[in-house]
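Coordinate analysis (summary)
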Amino acid sequence: GESVGLHLPTLSVQEGDNSIINCAYSNSASDYFIWYKQESGKGPQFIIDIRSNMDKRQGQRVTVLLNKTVKHLSLQIAATQPGDSAVYFCAGPSGGYQKVTFGTGTKLQVIP
Amino acid sequence: DTEVTQTPKHLVMGMTNKKSLKCEQHMGHRAMYWYKQKAKKPPELMFVYSYEKLSINESVPSRFSPECPNSSLLNLHLHALQPEDSALYLCASSHPGREPNSPLHFGNGTRLTVT
């Protein structure tokens, strides 16, 4: 999606709670989605991906859910830790498999 | 530490300078990318190289000139930049393929300031 505004949406979560970060996409033909984590001063780091033939995929403490009907993607982080504080981006191919574009991002703040 | 190495980490240059950003990966990836990221914004695609050939140029101004000398190296040559070009420049690599099933691996970027 296109980025707008100067402020990142922010999600504040108590340490130990679960976090849910959402992403909407517009292209019905999109068939691959990736979640990245970007910590301050670093490049985006791959977390987990999912193909459109799946509804759910689990990793270590993270789960991605894909709802193709409403074109919605979510990242769930279990037992959120201070080290999870970062900006999270969903991403996917747009107009070609090498043209990976990013959503606007969500800043996750973990409250100790 | 990432498996994609970018140098320098920081660069300050004047509008008349010529400088180059460098990126190196040894994961055997054959697709390499340049992204530009402004503060509080997502990365924006600039260029893609696939098997050392330029496959995508997202209408980037000619003051940015990419180069892929071999499968492990990617350069971005900068000339006559404007202050609004100040940003974090990210390099990434991936396995190219017919299907979009390969995530990008990013370096930590070069923080560029144009004065």
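Residues numbered from 1 in each chain as written. Chains lettered and ligands numbered in written order. Predicted model: local features only at pLDDT ≥ 70, side-chain atom pairs only at ≥ 80, totals over all residues. Heavy atoms only, no water.

Focus on the sheet that holds strand β3 (residues 18-25) of chain B
All names here are of chain B. Basically, it comes down to this: Pairing between strands requires that DSSP locate at least two bridges from one strand to the other. Strands are runs of DSSP state E lasting at least 2 residues, helices are runs of H or I lasting at least 4, and numbering of each runs from the N terminus. Axis angles are defined between N-to-C directions and span 0 to 180 degrees, where every axis is a line fitted to C-alpha atoms and, for a helix, only to the segment in contact.
In space, the 4 strands of this open sheet follow the order β1-β3-β8-β7, with antiparallel pairing throughout. Among the strands making up the open sheet, the edge pair consists of β1 (4-7) and β7 (64-70). Averaged over neighbouring strand pairs, the angle between their axes works out to 20° when direction is ignored. In the sheet, β1 pairs with β3 via 4 bridges, with the strands oriented antiparallel. Looking at β3, one finds that glutamine 6 is bridged to cysteine 23.

Some details on the interface of chain A and chain B
Test applied: Contacts are residue-level and defined by heavy atoms, with any inter-residue pair within 4.5 Å sufficient. Summed over both partners, the accessible area lost on bringing two parts together, with a 1.4 Å probe, is the buried area. One speaks of a salt bridge when a side-chain nitrogen belonging to Lys or Arg is within 4 Å of a carboxyl oxygen belonging to Asp or Glu. In protein, a polar contact means a hydrogen-donor-capable atom and an acceptor-capable atom, both N or O and within 3.5 Å, with residues adjacent in sequence counting only if both atoms are side-chain atoms; elsewhere, any N or O pair within 3.5 Å suffices. Throughout, the ten residues Ala, Val, Leu, Ile, Met, Phe, Trp, Tyr, Cys and Pro are labelled nonpolar, Asp, Glu, Lys and Arg are labelled charged, and all others, Gly among them, are labelled polar.
Listed as interface residues are 25 residues of chain A and, on the opposing side, 27 residues of chain B. Overall, the association of chain A and chain B removes approximately 2100 Å² of surface from exposure, summing both partners, and the carbon and sulfur fraction of that is 58%. Linking A:Lys99 and B:Glu58 is a salt bridge whose minimum nitrogen-to-oxygen distance equals 3.1 Å. Taken together, chain A and chain B are joined by 7 residue pairs in polar contact (both at pLDDT 80 or more). Going through the elements one at a time, β3 (32-38), β4 (45-51), β8 (86-93) and β9 (100-102) of chain A are the ones with two or more residues in the side of chain A that touches chain B. When residues in the side of chain A that touches chain B are grouped by element, the largest group, 4 residues, is from β3(A). Here the side of chain A that touches chain B is composed, by residue class, of 12 nonpolar, 8 polar and 5 charged.

Digging into the confidence of the model for chain A
Definition in use: For every residue, the predictor reports its confidence as pLDDT, a number between 0 and 100.
Here chain A averages 90 in pLDDT, while 94% of its residues score no lower than 70. Confidence over residues 1-5 of chain A falls short of pLDDT 50; this stretch has 8 contacts with residues more than four positions distant or in other chains.

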